Amino acid sequence: MATPKNFAGLPNATAASLHRSDTVDPDAFSAIVRRNAGRMLAVCRRILGNEEDARDCVQDAFLSAFKNLARFEGRSTIASWLHRIVVNVAITRLRRRRWFREEPLEAASVRFDSEGCRIVDQAHSLRLAEAVFELHQRKSIVREAILDLPAGLRAALALRDIEGYSTAETADFLGITPAAVKVRLHRARLALKQKLEAMIEAGQP
Amino acid sequence: MSSSRRVLRKLRGWMNRRLPLLLTCAEMDASVVDYLEGELSPDQRRRFHLHTRLCDDCRSFLESYRATIAVSRSAFDHSTNELTGLLSAEHSQPRRHPN
């Protein structure tokens, strides 16, 4: 699978040029905003599913970055650092918004019988595979199912599967290990698969 | 489930657990993300393929799992201008997707 090599960002050296004496150079910072805002907004939209909240998050993230620029140590690119901040802001907002109905991460699981064989509803799986074209046409239904996932699962799915960041980048943004990203991704896909199968079973799409 | 299918499942489960070259369904499930990421070794990949050839449940699971990834990837409208009105920004990065 192809892995994106470089994502939106300025070289680390730019961070040093941001500071003139003890103050932040506003021109350099606005260049960083111009360069990274688009991708950060896209990530927030996928995680939050709401334009207004996504914009608020990006603004909060830039505000936080501006205040904490002195703490940026240059171990990663500016873009990576900003993405970490904005993903954190978005997940915090999502959890606050949905705290009352957050499902446990273990909600979606696969089942095996006493022989160790997978228990799968063949008919459900086949119908999902057959409905792919129709689901492509009716994106709002899929979006709704994605937006219904628990925050941690949704963020992993949004970054890796939808925005196309590599597993390593996703891990970096979420502050977890690549192995933990894979676990969340698997659970997110299973949960989404179950939701889509239930929708198809119920007659949608 | 018909009795012949039950017997076949029992036999398949027994074979998968005992024969060293075969994966159990749980082992297949545990490696599905790595398989799709292209991170399995050639040998692990061969065993994965062998399991999906022998196990129709895992084969149909894999098909719908892949379908789920494909539809979630296409669910969001990837408009060319992500910066609409935001902080007067005007630069947008090209979209990238994993294969």
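Residues numbered from 1 in each chain as written. Chains lettered and ligands numbered in written order. Predicted model: local features only at pLDDT ≥ 70, side-chain atom pairs only at ≥ 80, totals over all residues. Heavy atoms only, no water.

## As for the overall build of chain B
Counting its secondary structure elements, chain B contains five helices and zero strands. Burial statistics for chain B: of 99 residues in total, 43% are counted as buried. Expressed as a percentage of contacts within chain B between residues at least 6 apart in sequence, the contacts between residues at least 24 apart total 55%. (Helix = DSSP H or I, 4+ residues; strand = E, 2+ residues; numbered from the N terminus. Buried < 20%, exposed > 50% of the residue type's maximum accessible area, 1.4 Å probe, protein only. Contact = heavy atoms within 4.5 Å.)

## So, the overall build of chain A
Check the secondary structure of chain A and you find 10 helices and four strands. A burial count over chain A gives 51% of its 205 residues as buried. Of the accessible surface of chain A, which amounts to about 9400 Å², a share of 51% is contributed by carbon and sulfur atoms. (Areas by Shrake-Rupley, 256 points an atom, 1.4 Å probe, with all protein chains shown as cover.)

## With respect to the nonpolar core
Residue and element names in this part refer to chain A. One finds Cys44, Ile47, Phe62, Leu82 and Val87 to be the most contacted residues of the largest nonpolar core, which totals 35 residues. Put simply, the parts of the chain that give this core at least two residues each are helix H2 (26-48), helix H3 (51-67), helix H4 (78-98), helix H8 (151-162) and helix H9 (167-174). With 10 residues, H2 is the single largest residue contributor to this core. When residues of this core are sorted by domain, at least three fall in each of domain 1 (12-101) and domain 2 (109-201). (Core = buried A, V, L, I, M, F, W, Y, C linked by side-chain atoms within 4.5 Å. Domains from an automatic or database assignment.)

## Description of the side chain of B:Ser72
Relative to the elements of secondary structure, B:Ser72 occurs in helix H5 (residues 56-75). The class of B:Ser72 is buried, set by a relative accessible area of 1%.

## Notes on H8(A)
Residues and elements named next belong to chain A. Counting buried positions along H8 gives 12 out of 12 residues, so the element sits mostly inside the fold. Among all positions in H8, only Ala151, Gly152, Leu153, Arg154, Ala155, Ala156, Leu157, Ala158, Leu159, Arg160, Asp161 and Ile162 are buried. Of the residues trailing H8, glycine 164 is marked for its positive phi of about 80°.

## Things to note about the packing of H8(A) against helix H10 (residues 178-201) of chain A
Residues and elements named next belong to chain A. Axis separation between H8 and H10 bottoms out at 8 Å; the angle between their running directions is 100°. Considering the angle they form, H8 stands roughly perpendicular to H10. Facing Gly152, Leu153, Ala156, Leu157, Arg160 and Asp161 of H8, the residues of H10 in contact are Arg184, Leu185, Arg187, Ala188, Arg189 and Leu192. Here the residues of the contact of H8 with H10 are counted per class, giving six nonpolar, one polar and five charged. (Axes fitted to C-alpha atoms, helices over the stretch in contact; angles between N-to-C directions. Parallel < 35°, antiparallel > 145°, perpendicular 65-115°, else oblique. Nonpolar A, V, L, I, M, F, W, Y, C, P; charged D, E, K, R; others polar.)

## Brief notes about the state of the cysteines
Formally, a disulfide is one covalent bond, and it connects the sulfur atom of one cysteine to the sulfur atom of another. All names here are of chain B. With the rule as written, the count across this model stands at zero disulfides over all chains. Cysteine 58 provides the cysteine sulfur closest to cysteine 25, a residue in no disulfide bond, and the two sulfurs are 3.7 Å apart. Residue classification places cysteine 25 among the buried positions, given a relative accessible area of 1%. Of the cysteine sulfurs around cysteine 55, a residue in no disulfide, the closest is that of cysteine 58, at 3.7 Å. (Disulfide = S-S within 2.5 Å.)

## Digging into the confidence of the model for chain A
Taken as a whole, chain A shows an average pLDDT of 80; of its residues, 80% reach a score of 70 or greater. Across chain A, the secondary-structure element scoring lowest on mean pLDDT is strand E1 (residues 19-20) of chain A, at 50, and the one scoring highest is H9(A), at 93. (pLDDT = per-residue confidence, 0-100.)

## What to know about helix H1 (residues 3-18) of chain B
Between its first and last C-alpha atoms H1(B) spans 23 Å; for 16 residues at 1.5 Å apiece the expected length is 22 Å, and the two agree. Within the sequence span of H1(B), burial applies to B:Arg9, B:Arg12, B:Gly13 and B:Asn16. Projected down its long axis, H1(B) carries its buried residues within an arc of 100°, all on one side. Along H1(B), exposed side chains directed more than 90 degrees from the buried face belong to B:Val7 and B:Lys10. On its buried side, H1(B) packs onto strand E4 (118-119) of chain A together with helix H4 (42-54) and H5 of chain B. (Expected span 1.5 Å × (residues − 1). Arc of directions from axis to C-beta.)

## Some details on the packing of H8(A) against H5(B)
Across the interface, H8(A) lies against H5(B) with an axial gap of 9 Å and an inter-helix angle of 85°. Between H8(A) and H5(B), the crossing angle belongs to the class labelled roughly perpendicular. Of the residues in H5(B), those in contact with A:Leu157, A:Asp161 and A:Ile162 of H8(A) are B:Ile69, B:Ser72 and B:Arg73. A per-class count over the contact of H8(A) with H5(B) returns three nonpolar, one polar and two charged.

## Comments concerning the pattern of salt bridges
The final tally for this structure, using the stated rule, is 15 salt bridges over all chains. Among the ionic pairs, A:Glu163 bridges to A:Arg46, the shortest N-O distance being 3.0 Å. Here A:Arg46 lies in helix H2 and A:Glu163 lies in the loop between H8 and H9, a separation of 117 residues in the sequence. The two residues A:Glu163 and A:Arg46 agree in class, both being buried. With a shortest N-O distance of 2.6 Å, A:Lys182 and B:Asp34 are connected by a salt bridge. (Salt bridge = Lys/Arg side-chain N within 4 Å of Asp/Glu carboxyl O.)

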